Amino acid sequence: MNVITIEDYKSTYWPKLDSAIDQLLTQSPGDYIPISYEQIYSCVYKCVCQQHSEQMYSDLIKKITNHLERVSKELQASPPDLYIERFNVALGQYMGALQSIVPLFIYMNKFYIETKLNRDLKDDLIKLFTEHVAEKHIYNLMPLLLEAQSTPFQITPSTMANIVKGLYTLRPEWVQMAPALFSKFIPNILPPAVESELQEYAAQDQKLQRELMQNGFTR
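This is a predicted model, so every value here is computed, not measured. Within each chain, residues carry numbers counting from 1 in the order of the written sequence. Predicted model: local features are reported for residues with pLDDT of at least 70 only, side-chain atom pairs are reported and counted for 80 or more only, and whole-chain, interface and lining totals are derived from all residues. Computation of side-chain values: all heavy atoms of the structure, hydrogens and water removed.

**What to know about the side chain of Gln27**
Phase 1 of the analysis: A run of H or I in DSSP becomes a helix once it reaches four residues, and a run of E becomes a strand once it reaches two; helices and strands are each numbered from the N terminus. Here Gln27 is to be found in the loop between helix H1 (6-26) and helix H2 (37-49).
Phase 2 of the analysis: The classification of residues rests on relative accessible area computed with a 1.4 Å probe and restricted to protein chains. Under 20% of the type maximum is buried, over 50% is exposed, and intermediate values are partly exposed. According to the relative accessible area criterion, Gln27 is buried, its value standing at 15%.
Phase 3 of the analysis: It only takes one pair of heavy atoms within 4.5 Å for two residues to be counted as in contact. Look past the residues within four positions of Gln27 in its chain and what remains in contact with it is Ile33, Gln93, Ala97 and Ser100.

Below, the structure is given as structure tokens:
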């Protein structure tokens, strides 16, 4: 294998990876992405073998962080009636992209992230979405979800399920913000309860919604 200098990496190899990541992050479900997975896989493998894993990991994290910061700003500009659906699209699009990005970087994950950082690439990339998107929007999103739950046909059941399950995946402790809502989509997250306690959980959700709105988290 020919030697790949850091200059080669920056001028030839990373630009190929950068372009592929761009396309994967912005694809819609069912889109055809005109990239060669074999070529990208080979590109990552060569860079790992030539000791460029640390730089490649840094570039990947920076690339995806910048993308997620743009996503977050776009969500902040969304009107309330489109906010839930756009968050759902952003979450679904990103999780879909990870299904392609993580396998492409499997060699970097195995020989750098797992062995030297004692972490996992998928976990790291999910954490990025949590920190740069979900955490910034949870206090605006939750009152809207609670309101939509009590308003028939405001959003589809599948959208509600996708978001609630997604939030639980990102940070399970968010269940405490709205236990009655989460329990409708996540099995066995609440202790066995009698009917009166279930009503109490629902009352807690409504109380949270009022408190959030009183504290300036607008619809």
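We are not done yet, so read on.
**Examining the pattern of salt bridges**
Phase 1 of the analysis: We define a salt bridge as a contact between a side-chain nitrogen of Lys or Arg and a carboxyl oxygen of Asp or Glu at a distance within 4 Å. Per the counting criterion, the structure on display carries six salt bridges.
Phase 2 of the analysis: A salt bridge links Glu135 to Arg171, with the shortest nitrogen-to-oxygen separation between them at 2.3 Å. Highlighted residues: Glu135 in helix H6 (residues 121-149) and Arg171 in the loop between helix H7 (157-170) and helix H8 (179-183), separated in sequence by 36 residues.
Phase 3 of the analysis: Through salt bridges with shared partners, a single ionic network connects Asp18, Asp22 and Lys63.

**Some remarks on the packing of helix H4 (residues 80-104) against H7**
The angle between the axes and the distance between the axes are what describe a pair of packed helices.
Phase 1 of the analysis: Taken N-terminus to C-terminus, the directions of H4 and H7 make an angle of 55°; their axes are 10 Å apart at the nearest point. The orientation of H4 relative to H7 falls into the category oblique. As for the relative orientation of H4 and H7, their crossing is left-handed in sense. Note on element contacts: H7 touches H4 through Thr159, Asn162, Ile163, Gly166, Leu167 and Leu170, opposite Ile84, Glu85, Phe87, Asn88, Leu91 and Met95.
Phase 2 of the analysis: Under the scheme applied, nonpolar residues are Ala, Val, Leu, Ile, Met, Phe, Trp, Tyr, Cys and Pro; charged residues are Asp, Glu, Lys and Arg; polar residues are all the others, including Gly. Taken together, the residues of the contact of H4 with H7 break down into seven nonpolar, four polar and one charged. Lines fitted to C-alpha atoms define the axes, with helix axes restricted to the stretch in contact, and inter-axis angles between N-to-C directions lie between 0 and 180 degrees. For classification purposes, an angle smaller than 35 degrees is called roughly parallel, one larger than 145 roughly antiparallel, one from 65 to 115 roughly perpendicular, and anything else oblique. If you view the pair so one helix is near and one far, a crossing is left-handed when the near helix is turned anticlockwise from the far one by less than a right angle, and right-handed when it is turned clockwise.

**Looking at the environment of Ile126**
Phase 1 of the analysis: Within the secondary structure, Ile126 sits in helix H6.
Phase 2 of the analysis: Sequence separation of Ile126 and Tyr94 is 32 residues, and the distance between their C-alpha atoms is 8.9 Å.
Phase 3 of the analysis: Those residues in contact with Ile126, other than ones at most four positions away along the chain, are Tyr94, Met95, Leu98 and Leu170.

**Describing the packing of aromatic side chains**
Phase 1 of the analysis: Within 6.5 Å between ring centres, the rings of Phe, Tyr and Trp (the latter by its six-membered ring) count as paired, and their orientation is classed by plane angle as stacked under 30 degrees, edge-to-face over 60, tilted in between. Evaluated as defined, the whole model comprises seven aromatic pairs.
Phase 2 of the analysis: Ring geometry for Tyr9 against Trp14: centres 6.4 Å apart, planes inclined by 35°, an arrangement best described as tilted. Pair check on accessibility: Tyr9 and Trp14 agree, each one buried.
Phase 3 of the analysis: Among the aromatic residues, those joined into a ring-pair cluster are Tyr41, Tyr45, Tyr107 and Phe111.
Phase 4 of the analysis: For Lys16, the ring lying beneath its charged end belongs to Tyr13, and the centroid distance is 6.0 Å. Lysine and arginine charges are scored as sitting over a ring when NZ or CZ, respectively, is within 6 Å of the ring centre and within 35 degrees of the ring normal.

**Points about the packing of helix H3 (residues 53-76) against helix H5 (residues 106-117)**
Phase 1 of the analysis: It is the contact of H3 with H5, at a shortest axis distance of 10 Å, that shows an interaxial angle of 95°. With respect to their mutual orientation, H3 and H5 come out roughly perpendicular. When H3 is examined against H5, the residues Ser53, Glu54, Met56, Tyr57 and Leu60 are found in contact with a partner set consisting of Met108, Tyr112, Ile113 and Leu117.
Phase 2 of the analysis: When its residues are assigned to classes, the contact of H3 with H5 shows seven nonpolar, one polar and one charged.

**Digging into H2**
Phase 1 of the analysis: Multiply 1.5 Å by the residue count of a helix minus one, and that product is the helix's expected span. An ideal rise of 1.5 Å per residue puts 18 Å on 13 residues; H2 measures up with 18 Å between its terminal C-alpha atoms.
Phase 2 of the analysis: Of all the residues in H2, the buried ones are Ile40, Cys43, Val44, Cys47 and Val48. All buried residues of H2 lie within an arc of 130° about the axis, which places them on one face of the element.
Phase 3 of the analysis: As for H2, its buried residues are in contact with H1, H3, H4 and H5.
Phase 4 of the analysis: Just downstream of H2 lies Gln51, where phi reads positive at about 65°. Here, the arc refers to the directions that run from the helix axis to the C-beta atoms.

**Description of unusual backbone geometry**
Phase 1 of the analysis: Phi at Gln51 takes a positive value of approximately 65°, unusual for a residue other than glycine.
Phase 2 of the analysis: Turning to its location among the elements, Gln51 is positioned in the loop between H2 and H3.
Phase 3 of the analysis: The backbone of Asn118 shows a phi angle near 55°, a positive value even though the residue is not glycine.
Phase 4 of the analysis: For Asn118, the position within the fold is in the loop between H5 and H6.
Phase 5 of the analysis: Taking the relative accessible area as the measure of exposure, Asn118 reaches 65% and is therefore exposed.

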